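Working through the structure, step by step
Now for the letters of each chain:
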Amino acid sequence: MKRKSAGSRRRWRYGALSLAVTALGAALVVAANGVAGLLTERFGWTADLTAEGRYGLSQATEDCLAGLESDVDIYVMQAGEDLAVGSYYVVQAYEALLAYQRGSDHIRLEFVDLTGNPTFTARYPELELGSWDILVESGERREVLNFSQLYDYGAGGASITASRVEEKLTNAILSVVSGERTAAALLTGCGDASPDDLLNLMEANRFDVRACSLVTGEIDPEAELAVLFAPQTDPEPESLEKLDAWLENGGRQGRSLFVFMDPNFPELPNLQAFLADWGIGLGEGYAFESRSSLYYERPFYPIAQYGDMDYAGGMTASDLTVMALCRPVEVLFDSRDNYETTVLLRFTESAGSLPLGAAEVSAEDVTGDVAAMVLSAHSWYGAEVTRSHVVVSGSALAFSSGLTASGTFANGRYILGLFQKLSAQGTGVSIPPKSLTAPVHSMTGAQASGFVWAFLAVLPAAVLAVGTVVWLRRRRK
């Protein structure tokens, strides 16, 4: 019988050692995974690795939870197991609910299976609680959230596009703790469009929005804000007199009117005369940006520049607000008779405007520095200084059609911050919806062109150059 050679024994020892190391490594991985699972279960450790932070809480909510001094109970009218193994959207809500409980000792979360505990609703005879509803309670104050209200939906309601879970829950918590909501009026009667996205944003952020007809009714005297969205018919003089009286507020002022324009309805002489008294004029057609790096997909979707950062709380120059199909807004005077105007959003020197129906942009059309949103403040100097405001946005589309819920653009955060600054909410918490749609192409024209040249020219040239160098070196050996 032949004895094993020394080399064979060494190979056997190396193989055995390699096998042992591999087995030990696998055992360590399994042990680490088990320990991590136990720690996660014991301490609630989680990590949200999604780019948009879909499963975590924003810094605004974390600050809110850290500052809680009152106990808040959150009751979910469904078994926790049903949420934990539900659809992607349901799991997103479930993880957010757990994050609230982890975020503060003042938050108590309970899942109530109404099938197994049908008497629970008897504790709240004044409320109509049903399966999947969420009850937020602090002391005697309560708010009920319907689960379907926690999401934005695509056309026809066939798909979910964004989550409002954090937005709704945080503001419900603030509402039951403080008991305060800001009254706002949606002005109707001018053939205006229904700004569903904007209303959802406001209602989810502690604004109590009530419809008020300029034609047949009165503007809610409790409202601090009023919204006239995309008027398609000219308001009658009597309607504008109501607006004047509401803004004056018996000399107390303290109110703000927001007007969002649709460029497709340019002839509104009564409204334009009303705005002219506040120093605001309306141009015609669409604003555009001629540089591809300053618009989204097409020139008539220009990216606005922040004209006054005092009215852009929490925003930075890198936050993109796209003023889609924007009618130019004009400043008629800087100050006059206690009126003072401020440009809130503007475009750059490469901007201009084109009349309705025009499709091509030429160098002659570039006029520079077109305004997109202007604020006018009227001050009354009595025992104390009081002010009312009129804000005109050249674009209604910029605050509808999902742009307020976009994770790419800051339209929702910007307009919500402006609402809060010009109302009693001050610099309240601002939590826009989280997009749940699949990532889409959102590059500017310049970025797209850069990627095309990089992949079609630069990368092949680099590969060819490296290959040539390698070939030449090997040929000389």
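Residues numbered from 1 in each chain as written. Predicted model: local features only at pLDDT ≥ 70, side-chain atom pairs only at ≥ 80, totals over all residues. Heavy atoms only, no water.

Time to look at the overall build of the chain. Each helix and strand counted, the chain has 10 helices and 21 strands in total. Within the chain, counting contacts between residues at least 6 apart in sequence, those at least 24 apart form 73% of the total. When the accessible surface of the chain is totalled, it reaches about 24,600 Å², and 54% of it is carbon and sulfur. (Helix = DSSP H or I, 4+ residues; strand = E, 2+ residues; numbered from the N terminus. Contact = heavy atoms within 4.5 Å. Areas by Shrake-Rupley, 256 points an atom, 1.4 Å probe, with all protein chains shown as cover.)

Moving on, we get to the sheet that holds strand β21 (residues 434–435). Pairing within the open sheet is antiparallel, and its 3 strands lie in the order β5-β6-β21. Of all the strands in the sheet, just β5 (151–153) and β21 have a single pairing partner and so form its edges. Sheet topology note: the strand β6 (residues 160–163)/β21 ladder contains 2 bridges and is antiparallel. When the sheet's bridge partners are listed, Ser163 is paired in β21 with Lys434. Along the sheet, helix α4 (residues 88–103) contacts β5 and β6; its crossing angle with β5, the most-contacted strand, is approximately 155°. (Pairing = 2+ DSSP bridges. Axes fitted to C-alpha atoms, helices over the stretch in contact; angles between N-to-C directions.)

A few words on the nonpolar core. With 42 residues, the main nonpolar core has Phe260, Met323, Met373, Leu418 and Phe419 as its most contacted residues. At 5 residues, the largest contribution of residues to this core is made by helix α9 (residues 411–421). (Core = buried A, V, L, I, M, F, W, Y, C linked by side-chain atoms within 4.5 Å. Buried < 20%, exposed > 50% of the residue type's maximum accessible area, 1.4 Å probe, protein only.)

We note that Leu325 has phi near 45°; this positive angle belongs to a residue other than glycine. Here Leu325 shows up in the loop between β14 (321–322) and β15 (329–331). Notably, Asn338 is not glycine yet its phi reads approximately 70°, a positive angle. With respect to the secondary-structure elements, Asn338 resides in the loop between β16 (335–336) and β17 (339–346).

As a further point, take the sheet that holds strand β4 (residues 141–145). Strand order in the open sheet made by the 4 strands is β2-β1-β3-β4, with mixed pairing throughout. The open sheet has two free edges, formed respectively by β2 (107–111) and β4, since each of these has just one partner strand. Taken over all neighbouring pairs, the strand axes of this sheet differ in orientation by 15° on average, direction set aside. Bridge analysis of strand β1 (residues 72–76) against strand β3 (residues 134–138) gives 4 bridges, and the strand direction is antiparallel.

Now for a nonpolar patch on the surface. On the surface, a cluster of nonpolar side chains totalling about 530 Å² of accessible area is made up of Val452, Phe455, Leu456, Leu459 and Val463. Along the chain, Val452 falls in helix α10 (residues 445–476). (Patch = residues over 30% accessible without salt bridge, like charges linked within 9 Å, V, L, I, M, F, W, Y side chains within 5 Å. Salt bridge = Lys/Arg side-chain N within 4 Å of Asp/Glu carboxyl O.)

Glancing now at a negative patch on the surface. On the surface, a cluster of negative charge is made up of Glu236, Glu238, Glu241, Asp244, Glu248 and Asp277. Examining the composition of the negative patch, we find that 4 residues originate from one element, helix α7 (residues 237–248), more than from any other. Position of Glu238 among the secondary structure elements: in helix α7. (Lys, Arg positive; Asp, Glu negative; His and termini not counted. Charge placed at Lys NZ, Arg CZ, Asp CG, Glu CD.)

Let's shift gears to the pattern of salt bridges. Tallying each qualifying case throughout the model produces 12 salt bridges. Salt-bridge contacts for Asp208 lead to Arg210; the nearest nitrogen and oxygen are separated by 2.9 Å. We classify Asp208 as partly exposed; its relative accessible area is 29%. Connected via shared salt-bridge partners are Asp208, Arg210, Asp220 and Glu222.

Where helix α2 (residues 59–66) is concerned, the buried positions are Thr61, Cys64 and Leu65. Taken around the axis of α2, the buried residues stretch over an arc of 95°, which confines them to a single face. Summarising the contacts, the buried residues of α2 are in contact with α4, β2 and α5 (165–178). (Arc of directions from axis to C-beta.)

So, on to the pairing of strand β20 (residues 385–393). Moving residue by residue along a regular strand, the side chains alternate between the two faces of the sheet. Among the 9 residues of β20, 7 are classified as buried, and the element is accordingly described as predominantly covered. Examined bridge by bridge, strand β10 (residues 256–260) and β20 share 5 bridges and lie parallel to one another. Among the inter-strand pairings, Phe258 is bridged to a residue of β20, identified as Val391. Sheet topology note: the strand β19 (residues 371–381)/β20 ladder contains 9 bridges and is antiparallel. Its bridge partner being in β20, His378 is matched across the sheet by Ser388. In this structure, the hairpin formed by β19 and β20 is closed by a connection of 3 residues.

Right, let's get into the side chain of Glu166. Tracing the backbone shows Glu166 in helix α5. What Glu166 contacts, discounting residues up to four positions off in sequence, is Gly56, Leu57, Ser58, Thr61, Tyr100, Ile431 and Lys434.

This part covers α4. Between the first and last C-alpha of α4 there are 22 Å, a value that for 16 residues agrees with the 22 Å anticipated at 1.5 Å per step. Those residues of α4 not exposed but buried are Val90, Val91, Gln92, Ala93, Tyr94, Ala96, Leu97, Leu98, Ala99 and Tyr100. (Expected span 1.5 Å × (residues − 1).)

The next subject is the packing of helix α6 (residues 196–203) against α9. The geometry of α6 relative to α9 is characterised by a closest axis approach of 11 Å and an angle of 55° between their N-to-C directions. By the angle between their directions, the pair α6 and α9 is classed as oblique. Note that α6 runs across α9; the crossing there is right-handed. Touching Leu198, Leu201 and Met202 of α6 are Gly412, Ile415, Leu416 and Phe419, all from α9. Of the residues assigned to the contact of α6 with α9, the class counts are 6 nonpolar, 1 polar and no charged. (Parallel < 35°, antiparallel > 145°, perpendicular 65-115°, else oblique. Left-handed = near helix turned anticlockwise from the far one by under 90°. Nonpolar A, V, L, I, M, F, W, Y, C, P; charged D, E, K, R; others polar.)

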